[in-house]
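# A look at the structure
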Amino acid sequence: MMRDAVREFEPAPIPTYSGMVARRLRTNWVLWASSLIVAGLIGVALAAPWVAPFPPLQPDVPNRLQPPSWRHWFGTDALGRDVFSRVLYGSRISLGIVFLILGMAVPVGTALGAAAGYQGGRFDALMARVTDMFFAFPALVLAMAINAALGPSIVNTTIAVAAVWWPSYMRLMRGQVLAVRQQPYVEAARALGAGHWRILARHILPNAAPPLVAKVTTDMGHVLLTAAGLSFIGLGVQPPTPEWGAMIADGRTYMLDYWWYATFPGLAIAVTVVAFAFLGDSLQEALDPSFNRRVG
Amino acid sequence: MRVLRRLITLPAVIWGVATITFFVARVIPADPAQIAAGLEVRPEQVQQLRIKMGLDKPLYVQYVRYLAGLLRGDLGVSLRTQNAVAADLAFHLPATIELTLVAMCLALVTGIPLGIFAAVYRGKTTDFLIRLTAISGVALPVFWLALIVQLFFYRDLGWFPAAGRIGSGVLPPTHITGLYLFDSLLTANRAAFASSLQHIVLPACVLAFGRWATLIRMTRVSMLDVLGQDYIRTAMAKGLRPFAVLFRHGLRNALIPVTTMAGLQVGYLLSGAVLVEWIFSWPGLGDYAVRSIVALDFNPIVAVAMVLSVIFVFVNSLVDALYKVLDPRIAV
Amino acid sequence: MRRRSHSGLVLVLGAAAAVLILCSAGLATTAPGSDTQRLVILVRSTGQGGLDPLIQVGSSVDKFIEPLYEGLVVYDPGAKAYRASLAESWIVSPDGLQYTFKLRRGVRFHDGAMLTAEAVKGTYDRAKRINLGLAYLLTAVARTDVVDPVTVRIVLSQPTPFFLYTTFRIKIISPKAIKEHDLNGDLAQQWLVSNAAGTGPFQLVRWAPEQNDIVFKRFPGYWKPWRGPHLDTVVYNRVVEPATQRQLLERGDGDMIVDQVLPQDVPALRQNPALRLDIWTPARIEIITMRSDRGPLANRKLREALTYAFPYEQVLAALDGLAGPAQGPLPRSVPEHDDTLPIYKQDLTRARRLLAEAGYPTGGLSLNLVMVQALAVERIPAELFQSALAALNINVSIQELTFPAMVTKFRNETAATDMAFLVLDTAGPTPDRILYEGYHSDAIGKIYNWAWYTNVLLDKVLTEASTSIDPARRLALYRRAQRIIVGDAPAIFVLEPASIMARRTWVKGFKPNVMLPFAVNLEEIYIEGRGR
């Protein structure tokens, strides 16, 4: 909100915005590298059944707890399953959960935020209180309570995380709408008799899109971590599903003697989060209309 | 004004959170009387206890009773620890607050300079490396990191203890605030101070590392903002080095991300500390909450959710007020 | 200018580093002023909250209650017999309805009160009145009489051959404490949560199970004379994570881990010459209950097929020999165990044949298996079972719940699902705790008959056995009961898990406890040759 307020003091977007964005996109190697990794991850997730060298669920007790080797790149787990294959398959589950959560939280949050910012007045005040409450509510407690009430399952965990995640989108969107609503050109459009929907679609959404895209991208990593954290304490996927957080939880007690068991799923999470974070940051810089004045 | 308005709505938020948690907790298909009586007992015993606990009454009666208890400051009794929840919280909450504060200070002291560096060297390798380190702090699974840190600094080097808040055989300081470091300073208890300081180092460092990501990122962005300002350009045109300029003119602006982070992270830090508390056997609120949930122990769950919410609202009101002081342009 | 700002940064970082190094300096803080040869630091996770020996039941508190309190008698697993404890001797009337105990003279409680017949009566009456926890063992007790100051008589309403077990489990509490700390007629329940007033060899100094240490010290007035080397102070250090517990032991900051050591840690601990592992098989058995009153598993042939489909050998191999095969519903260390029963092996041909007979020639059904969250000893068998059944085209979905949630689920007729992982223990030399609580139809919806299994004949045999005072007849009845259960296959008898404890080699005198696996014989333990 603070940043939006600051933005008010800056000139309206310069006309060659798209040209500038394109130029920035071309020259930003961090952006390229991170999008490459993200694309690779999604590709792996889609192609897991064809690339994984071993079936992810098939135990092989005589070969249990083998260190990494040519045969098992990431070693094997307590039941002799190939950790590499499980990490590959795990990308489907872990990324799938992330898309599902944001798929619920983002539309709800942005719609409510746009409505609150545009409508203002009582509705806005009410939403502010509601988001306060949801913000204040500890995600972990809510997720645990929901899981305890409905039984642990991935669906329930997804719902719980989405339930605490949408308010941040609502705030972002509300701030964007508030910032744009006061702009002279929006006032002008309104004076010219443009309808609410038209103003929203033509003036407000295009302005709000860049920070939204950047935030969604950055959030991917955070959501992944939250979901993995819940899986880690046993709320989430049920065995033998190879979700990264659950794999770390499994491997946790083996860390001292069998480091690979928990480390590789952990690295998978780390790489994914870092890639999404850099992608989000780079996108934000590239898309930010007020950035052109800066040094560098 | 907004700050005051916000504080006025605090009771409403508390009521809302209490209500949600109360009903969510009652949906849990477990019988608190059974849990309180022990899992081995006979149904007659359970029924007897159910009546004693008032669980035979309709849900709305239980709800009204619960709210009435809240007004009196009575949070009920924990079935698991058999203590009053308020007494449990009086121990576990300060433990978490202490850990959080120390971690926050560590993060600030190290994170802000790094954020400034990153801004100054924007686009250079230094910038990339700092950001990579920062993001790793949150991206690496915290339990993994905690365990590695523990193995290295405790098992291999023996520099710091691995578990708990204070050494075996060292008596905790007299309870004043519940923050061991603070209390032992107040009572000039050197043994307790040294021991609790040793114990807090590893968990606080791990937590602080996790806080870097947001902090460095925000410092960097706001410094980039500052770097673009005319007065900075002028200063630099006068031949001053960027660091000097930034430390002189930019730090005030750096306080804004710090404040924002404080607001955002307090809520997160408390619940985010669970895994760190677990690995380092830190008897904090997260640890308490997880154990209560595993034991399906209602009263502590509701109480923890409420306490966290209150802290969150309170800190955020404070943050709003600080914004006003720091940057009068912001219309809060 | 530049120099100054840099030096500021360096100063701040330097100060932080200095603080860190400073506090690393004085690390070696063990208990001040106590002789380390007489101090033992036991590493433990968080247990249950309270210490009331009546209300708190289970392996997580046994280890604290046993050194503090004593019952009238004590069970000696080695001799497989009860020995005198607070009672010097006892007489059972021929009809098995009256137990008369002669109390030991000169026994003092930790708070200075003397042990008298009144004290025993006070404890038993308190248990009846509070009616929680172990009070269920006293359902057959009609009344407790004080015959004279050192003689107490317990009168039963029906013959109870295992009544000595009750007098072992019911710990005598100081009457003075019950009276002085009574709060609104709660018979000192509130006080006994965090205090203790027993007669045991150790007395409580500090009880803060969730916060930091639990501290016991030797009770100098203990009725058994202290001879030879022994401990003065016992500190239970709270360490939650098994990996951390192990590090403490490896560095010698902890002397012994009083929780179960994980099987995966065993190979490394075994190689460490400074450590000693104790591995033994307590009276515990792991089973998978199969819901036999409704759903697909109501079909006995199908249940039987599953008992042959279970990958026993694979599971034992995966647990590195830290578990033994189960033989019937009772663990081997229970005296009534029938060692002529079959020990199952995986036999997929037979399983397929039974499946066909049950009406599932090509498999094609889905079953649900509930287990306790994140318990490796259950997860490995569960996942291997899941995979073995997948080969028979039977889909098993595993659900992990917390134990209290599981208990609630399987005691509810509509909520209980197909299969549940369950660990049963005896906590004493009585087969009833497993046979009655796990398989009698009275235990349906109440205790651990999660299979919802009913066999009228079995009920009759078990009821007769539990009231029969003729040992030979009783033995025959219990053997028969085991065979009936095996024939009906209401459960898969998975394995007998080992108890694993680890300690420094300088901790001497530890004796594994077969009945209460985590209770440590503190009074016999001593330290010899501690390094520092």
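To continue, consider the overall build of chain B. Across its full length, chain B holds 15 helices and zero strands. For chain B, long-range pairs separated by at least 24 residues make up 72% of all intrachain contacts whose partners lie at least 6 apart in sequence. Total accessible area on chain B is roughly 12800 Å²; 70% of this is exposed by carbon and sulfur atoms.

Residue and element names in this part refer to chain C. With four bridges joining them, strand S2 (residues 73–76) and strand S3 (residues 81–84) adopt antiparallel strand pairing. Bridged to Asp76 within S3 is Ala81. Linking S2 back to S3 in an antiparallel pair, the connection comprises four residues, with Lys80 at a positive phi of about 50°.

Another aspect to go through is the environment of C:Ile170. Residue and element names in this part refer to chain C. By the secondary structure assignment, Ile170 is in the loop between helix H4 (163–169) and helix H5 (175–180). On a C-alpha basis, the gap between Ile170 and Ile380 in space is 36 Å, while along the polypeptide they are 210 residues apart. Discounting chain neighbours no more than four positions away, the residues touching Ile170 are Leu54, Glu70, Gly71, Thr123, Tyr124, Leu134 and Leu138.

Below, the discussion takes up the packing of aromatic side chains. Residues and elements named next belong to chain B. Across all of its chains, the model carries 36 aromatic pairs over all chains by this definition. Taking 5.4 Å as the distance between ring centres and 55° as the angle between the ring planes, the aromatic pair formed by Phe22 and Tyr63 counts as tilted. In this pair, Phe22 sits in helix H2 (residues 10–27) while Tyr63 sits in helix H5 (residues 59–71), placing the two residues 41 residues apart along the sequence. Each member of the pair, Phe22 as well as Tyr63, carries the same accessibility label: buried.

This paragraph deals with the packing of helix H9 (residues 196–232) of chain A against helix H10 (residues 244–252) of chain A. Residues and elements named next belong to chain A. Two elements in contact, H9 and H10, have axes separated by 7 Å at closest approach and are oriented at 40°. As judged from the angle between their axes, H9 and H10 are oblique. Here H9 runs over H10; the crossing is right-handed. Here H9 contributes Leu224, Ala228, Ser231 and Phe232 to the contact with H10, which in turn contributes Trp244, Gly245, Ala246, Ile248, Ala249 and Arg252. Counted by class, the contact of H9 with H10 contains seven nonpolar, two polar and one charged residues.

Here is what the cut-offs are and how they apply
- Residues numbered from 1 in each chain as written.
- Chains lettered and ligands numbered in written order.
- Predicted model: local features only at pLDDT ≥ 70, side-chain atom pairs only at ≥ 80, totals over all residues.
- Heavy atoms only, no water.
- Helix = DSSP H or I, 4+ residues; strand = E, 2+ residues; numbered from the N terminus.
- Contact = heavy atoms within 4.5 Å.
- Areas by Shrake-Rupley, 256 points an atom, 1.4 Å probe, with all protein chains shown as cover.
- Pairing = 2+ DSSP bridges.
- Phe/Tyr/Trp six-rings, centres within 6.5 Å; stacked < 30°, edge-to-face > 60°.
- Buried < 20%, exposed > 50% of the residue type's maximum accessible area, 1.4 Å probe, protein only.
- Axes fitted to C-alpha atoms, helices over the stretch in contact; angles between N-to-C directions.
- Parallel < 35°, antiparallel > 145°, perpendicular 65-115°, else oblique.
- Left-handed = near helix turned anticlockwise from the far one by under 90°.
- Nonpolar A, V, L, I, M, F, W, Y, C, P; charged D, E, K, R; others polar.

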